[in-house]
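Observations on chain architecture
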There are 2 protein chains.
Amino acid sequence: MKPKITLKDIAKELDVSISTVSKALKNSKEISKDTKDRIKAFAKFYNYRPNNIALSLKNKRTKNIGVVIPDIVHHFFTTVFRGIEMYANQMGYNVIVCISDESYDKEVINMEMLANGSIDGFILSLSAETQRKNDFTHLKELLDQGIPIVLFDRVAPEVACDKVILNDMEIARESVEHLIEKGSKKIALITTDNYFNVSERRKDGYIQALKDNDIPFDKNLILTLPHDLDNTKLITEFFQKNEIEAVLCVNEIFAVQCMSVIQQIGLKIPEDISIIGFTDGILSRFSSPKLSTVAQHGEKMGGLAAEMLIKRMESTEVVEEPFRTEVIEATLIKRGSTIN
Amino acid sequence: MKPKITLKDIAKELDVSISTVSKALKNSKEISKDTKDRIKAFAKFYNYRPNNIALSLKNKRTKNIGVVIPDIVHHFFTTVFRGIEMYANQMGYNVIVCISDESYDKEVINMEMLANGSIDGFILSLSAETQRKNDFTHLKELLDQGIPIVLFDRVAPEVACDKVILNDMEIARESVEHLIEKGSKKIALITTDNYFNVSERRKDGYIQALKDNDIPFDKNLILTLPHDLDNTKLITEFFQKNEIEAVLCVNEIFAVQCMSVIQQIGLKIPEDISIIGFTDGILSRFSSPKLSTVAQHGEKMGGLAAEMLIKRMESTEVVEEPFRTEVIEATLIKRGSTIN
DNA sequence: TATCAACACGAAACCGTTTTCGTAAATTTT
DNA sequence: AAAATTTACGAAAACGGTTTCGTGTTGATA
């Protein structure tokens, strides 16, 4: 076992001072070529690398980004994370991940933990509970301490910081328009009450599309499901009770569950019922028929969030730039569940 | 903006020494109750929290774990990561993630980066390229420096460290046995050449099961596919060329692609052909019929890896414990793709 | 009353860097 | 030859903590 070598070790070994070693390795012209060569050779031989922790303490920056997401076993968050990691890595940053597990407390505790020097800034998506409580004091305090935050997807207007969101309402409207174009009038929305603002924005888009096309809004055509469970029974009842020609689901799991139920009932997709989901994950790509879905471009979103954060962290401007909210344009991918 | 407060700030303000403040906050009995109360009140009021970086430098431990995985947009790795994060968090550790993207260079660079003080230990799964090159000097060097490593799933015998693996061969054998029990003899294996040792172990199990049941091994019944692409054409050809009664796929994507092709051809699952996949992800749970699959218990694996790592990191034994290789028992989940 | 322990605190070292400043010695300028 | 400048390096402070080791002041003991 050969433990890491420090400047002090080199200094002692070569009988020079620590400062000389430090300067020599940084190629300072204060040091003679001779000495520099000796020191560099020695350092190289023993594979010297400066200690990140010491550097962090000295420089008051860690080159670490804290990422707090509600869940990692979830295609959308996974892709966003990938985007963050790739951009951050490229810029020489490391990423510390905490999973809030949709819990307010975990979100708060994790962020406070990391905020005490471990990271230079945060990227996060609010937990369900945080949205429900509408309590953002933890974020505000961090911002107050001068720690930059970028919020993505599940954001809150109450928090003054940079944000990256999806044009949820727009794309939901566009999706419903697509269904209407295919001749459907009785269009259902299957949604969740978990992700307040995102779901809300999608619902608004759904309603807007109906309005624009003079289709009366029927609240019975909206089904609100608990998240991620097996909702087969509820969905079956829903389809038996209502004559439905098309469905917009706020995620791909609901969508494939719908498809299953519909096919079970003996109806054909897309001939009898068309379906559109959200999240272009593997479920959408490998279902049969393939699911028309809203691609949320998670990687792009993550990349942009990281870019905004790093830009702010590295900014030397005395007067700070105003906060921006960037909108990622979602794409409706038309596949077999809406077209033949 | 109120910047973080330090011991020095408190000391100056209350006109005591830094050491007194430090001791008071740690409830040292060296300090009088009076002074302690004053200091604690002040610290509480200004929300004092010790700086993690300073602590790390002093204690020579960061309470950070480095996790290096080939890919995050992948159900299995995601669940393992979740297991790691949960256990680590509970034990007061944070997790720094790097994605090697199946690249040897990224794996090496990321690990060297983190090894210079940022983390106390690693949990990793080898990148495809690393396995191909069979070069583990980067791991050996880190171990040599006294940095503990736990390898999971994609491991290498050449590296002397703790490991957590799946009983791949056993469960593959068991899966094929299940297919044989259902009356199948012409059993195909659809595999990938990417993950050398894991795939190899599964293949061994497949062959073993055939041998145990006196079924001749036919190399034409093994289809090797490139990873994660749309292999519909290759699969279709494969099924047209060979009379197949059952299939074992080394992941769930191949399995649902198979199911698609088979249903397209007009055959019934499981009546005409049975299918078993690996990875109990959403694809398996939401396909129709539901896919029989090998649950790899990723969370458990991650939790165990984290437990082994933390145990070793926190061990104060002078003479180190011998390295262990723990085996996670996979479970074959029987669903509609093999039974009615 | 001299001795001694207990008490309550401060000084300083240390973790591993960077960086400012000071200063002998060598070299150049006048 | 004296003065000024350059060269090449070291001492020390700083980042924010912890911890060891004094030390002056009490109060108790002999």
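Quantities reported herein were computed from a predicted structural model and do not represent experimental measurements.

Calculation notes
Residues numbered from 1 in each chain as written. Chains lettered and ligands numbered in written order. Predicted model: local features only at pLDDT ≥ 70, side-chain atom pairs only at ≥ 80, totals over all residues. Heavy atoms only, no water. Helix = DSSP H or I, 4+ residues; strand = E, 2+ residues; numbered from the N terminus. Rg over C-alpha atoms; globule rule 2.2 N^0.38 Å. Buried < 20%, exposed > 50% of the residue type's maximum accessible area, 1.4 Å probe, protein only. Contact = heavy atoms within 4.5 Å. Areas by Shrake-Rupley, 256 points an atom, 1.4 Å probe, with all protein chains shown as cover. Lys, Arg positive; Asp, Glu negative; His and termini not counted. Charge placed at Lys NZ, Arg CZ, Asp CG, Glu CD. UniProt positions renumbered as here; feature names shortened; annotations may be inferred. Salt bridge = Lys/Arg side-chain N within 4 Å of Asp/Glu carboxyl O. Core = buried A, V, L, I, M, F, W, Y, C linked by side-chain atoms within 4.5 Å. Disulfide = S-S within 2.5 Å. Phe/Tyr/Trp six-rings, centres within 6.5 Å; stacked < 30°, edge-to-face > 60°. Pairing = 2+ DSSP bridges. Axes fitted to C-alpha atoms, helices over the stretch in contact; angles between N-to-C directions. Parallel < 35°, antiparallel > 145°, perpendicular 65-115°, else oblique. Left-handed = near helix turned anticlockwise from the far one by under 90°. Nonpolar A, V, L, I, M, F, W, Y, C, P; charged D, E, K, R; others polar. Polar contact = N/O pair within 3.5 Å; in protein donor to acceptor, adjacent residues only side chain to side chain. Least-squares fit on C-alpha atoms with pLDDT ≥ 70 in both. Near = heavy atom within 4 Å. Buried area = accessible area lost by both parts, 1.4 Å probe.

**Here's the deal with the overall build of chain A**
Counting secondary structure elements, chain A contains 14 helices and twelve strands. The C-alpha atoms of chain A give a radius of gyration of 26 Å, which is well past the 20 Å a tight globule of 340 residues would have. Evaluated residue by residue, chain A yields a buried proportion of 56% over its 340 residues. Of the contacts formed within chain A by residues at least 6 apart in sequence, a portion of 71% connects residues at least 24 apart. Split by element, the accessible area of chain A, about 15600 Å² in all, is 51% carbon and sulfur. Here chain A carries 44 positive and 49 negative side-chain charges, and the mean point of each set is 8 Å from the other.

**Regarding the UniProt feature "domain: HTH lacI-type" (unreviewed entry) in chain A**
Listed under "domain: HTH lacI-type" (unreviewed entry) in the UniProt record, and renumbered for this structure, are residues 5-59 of chain A. With 67% helix and 0% strand, the stretch residues 5-59 of chain A has end C-alpha atoms that lie 21 Å from each other.

**Some points on the pattern of salt bridges**
In total, this model carries 34 salt bridges over all chains according to the counting rule given. A salt bridge links Glu326(A) to Arg324(A); the nearest nitrogen and oxygen atoms lie 3.1 Å apart. On the basis of relative accessibility, which here comes to 25%, the residue Glu326(A) falls in the partly exposed class. Between Glu102(B) and Arg154(B) there is a salt bridge, with the nearest N and O atoms lying 3.0 Å from each other. Residue Glu102(B) is located in the loop between strand E2 (94-99) and helix H6 (104-115), and its partner Arg154(B) is located in the loop between strand E4 (149-152) and strand E5 (162-166); the two are separated by 52 residues in the primary sequence. Accessibility expressed as a relative area gives 1% for Arg154(B), which makes it buried. Overlapping salt bridges, with partners in common, bring together Asp71(A), Asp101(A), Lys106(A), Arg82(B) and Glu299(B) in one network.

**A word on the nonpolar core**
Nonpolar side chains tend to gather and get buried jointly when the protein is soluble and globular. Formed by 140 residues in total, the largest nonpolar core has its most connected members in Ile123(A), Phe239(A), Ile123(B) and Phe239(B). Not counting residues up to four positions away in its chain, the partners in contact with Phe239(B) are Ile244(B), Val247(B), Cys258(B), Val261(B), Ile262(B), Ile265(B) and Ile273(B).

**Some words on the state of the cysteines**
The tally for this structure, following the rule as stated, stands at zero disulfides over all chains. In this structure Cys249(A) is not part of a disulfide, and its nearest cysteine sulfur, from Cys258(A), lies 4.0 Å away.

**Some details on the packing of aromatic side chains**
Each pair of aromatic rings is reported with the distance of its centres and the angle of its planes. All names here are of chain A. Overall, the coordinates contain ten aromatic pairs over all chains when judged by the stated rule. A centroid spacing of 4.7 Å and a plane angle of 40° characterise the contact between Phe42 and Tyr46, whose relative ring orientation is tilted. Take Tyr46: its relative accessible area is 44%, and that puts it in the partly exposed class.

**So, the pairing of strand E6 (residues 187-192) of chain B**
Residues and elements named next belong to chain B. Most of E6 sits out of view: six of its six residues are buried. With burial as the criterion, each face of E6 is covered, one bearing Ile187, Leu189 and Thr191 and the other bearing Ala188, Ile190 and Thr192. Relative to strand E8 (residues 246-249), E6 runs parallel, the two sharing four bridges. Opposite Ala188, over in E8, you have Val247 as the bridge partner.

**Brief notes about the packing of helix H11 (residues 232-241) of chain A against helix H12 (residues 252-265) of chain A**
All names here are of chain A. Viewed as axis vectors pointing N to C, H11 and H12 meet at an angle of 55°, and their least axial separation amounts to 10 Å. Of the possible angle classes, the one that applies to H11 and H12 is oblique. Helix-helix and strand crossings are classified by hand; for H11 and H12 the assignment is right-handed. Along the contact surface, H11 presents Thr232, Ile235, Thr236 and Phe239, while H12 presents Gln257, Cys258, Val261, Ile262 and Ile265. Classifying every residue of the contact of H11 with H12 gives six nonpolar, three polar and no charged.

**Here's the deal with the side chain of Asp71(B)**
Residue position: Asp71(B) is located in the loop between strand E1 (64-69) and helix H5 (75-90). One polar contact links the side chain of Asp71(B) to the main-chain amide nitrogen of Val73(B), over a distance of 3.0 Å. Sequence-distant contacts of Asp71(B), defined by excluding residues within four places in its chain, comprise Arg82(A), Phe77(B) and Ile99(B).

**Digging into the relation of the copies chain A and chain B**
For these two chains of identical sequence, chain A goes onto chain B by a turn of 180° and a shift of 0.0 Å along the axis, with RMSD 0.2 Å. Seen this way, the second copy is the image of the first under a two-fold rotation axis. Among all residues of chain A, the one whose C-alpha sits closest to the rotation axis is Ile96(A), at a distance of 2.1 Å. Looking at the interface residues of chain A, 100% of them are also at the interface in chain B, so both copies use one shared face.

**Considerations on the sheet that holds strand E10 (residues 292-295) of chain B**
Residues and elements named next belong to chain B. Ordered in space as E7-E6-E8-E9-E10-E12, the six strands form an open sheet in which the pairing is mixed. Each edge of the sheet is formed by a strand with only one pairing partner; in this case those strands are strand E7 (222-225) and strand E12 (331-333). Neighbour-to-neighbour, the strand axes of the sheet open up by a mean angle of 20°, direction not taken into account. Contacts from helix H9 (residues 168-181) reach E6, E8, strand E9 (274-278), E10 and E12 within the one sheet, and its direction differs from that of E9 by about 165°.

**Regarding the sheet that holds E1(B)**
On the basis of which strands lie adjacent, the open sheet formed by twelve strands has the order E11(A)-E5(A)-E4(A)-E3(A)-E1(A)-E2(A)-E2(B)-E1(B)-E3(B)-E4(B)-E5(B)-E11(B) and mixed pairing. If you trace the sheet from one side to the other, it starts and ends with strand E11 (325-328) of chain A together with strand E11 (325-328) of chain B, each paired once. Neighbour to neighbour, the strand axes of the sheet diverge by 20° on average, direction disregarded. Against the sheet, helix H14 (residues 298-314) of chain A engages strand E1 (64-69), strand E3 (121-124), strand E4 (149-152), strand E5 (162-166) and E11 of chain A, with an angle of about 170° to E5(A).

**Notes on the protein's contact with DNA strand C**
Near DNA strand C lie 28 residues; those nearest to it are Ser22(A), Thr20(B), Lys23(B), Glu30(B) and Thr35(B). Looking at DNA strand C alone, sugar and phosphate atoms form 60% of those within 4 Å of the protein. One of the side-chain nitrogen or oxygen atoms of Ser22(A) is found 2.7 Å away from a phosphate oxygen of DNA strand C. Broken down by secondary-structure element, the contributors of at least two residues to the surface near DNA strand C are helix H1 (7-14), helix H2 (18-25) and helix H4 (52-59) of chain A together with helix H2 (18-25) and helix H4 (52-59) of chain B. A per-element tally of the surface near DNA strand C places H2(A) first, with four residues. Among the residues forming the surface near DNA strand C, the class breakdown is nine nonpolar, nine polar and ten charged.

**Some points on the interface of chain A and chain B**
Counting residues at the interface gives 48 residues for chain A, matched by 48 residues for chain B. For the pair chain A and chain B, the summed buried surface comes to about 4700 Å²; carbon and sulfur atoms form 58% of the total. It is Ile53(A), Asn116(A) and Phe286(A) that lose the most area in chain A upon contact with chain B, and together they represent 14% of the buried surface on that side. There are four salt bridges connecting chain A and chain B. Here Asp101(B) ties to Arg82(A) by a salt bridge, and the two come within 3.0 Å at their closest N and O atoms. The tally of links from chain A across to chain B stands at 18 residue pairs in polar contact (both at pLDDT 80 or more). The greatest single-element share of the side of chain A that touches chain B, amounting to seven residues, is contributed by helix H5 (residues 75-90) of chain A. The class makeup of the residues in the side of chain A that touches chain B is 20 nonpolar, 19 polar and nine charged. Bridge count for strand E2 (residues 94-99) of chain A against E2(B) is three bridges, and the pairing is antiparallel. The residue of E2(B) that forms the bridge with Ile96(A) is Ile96(B).

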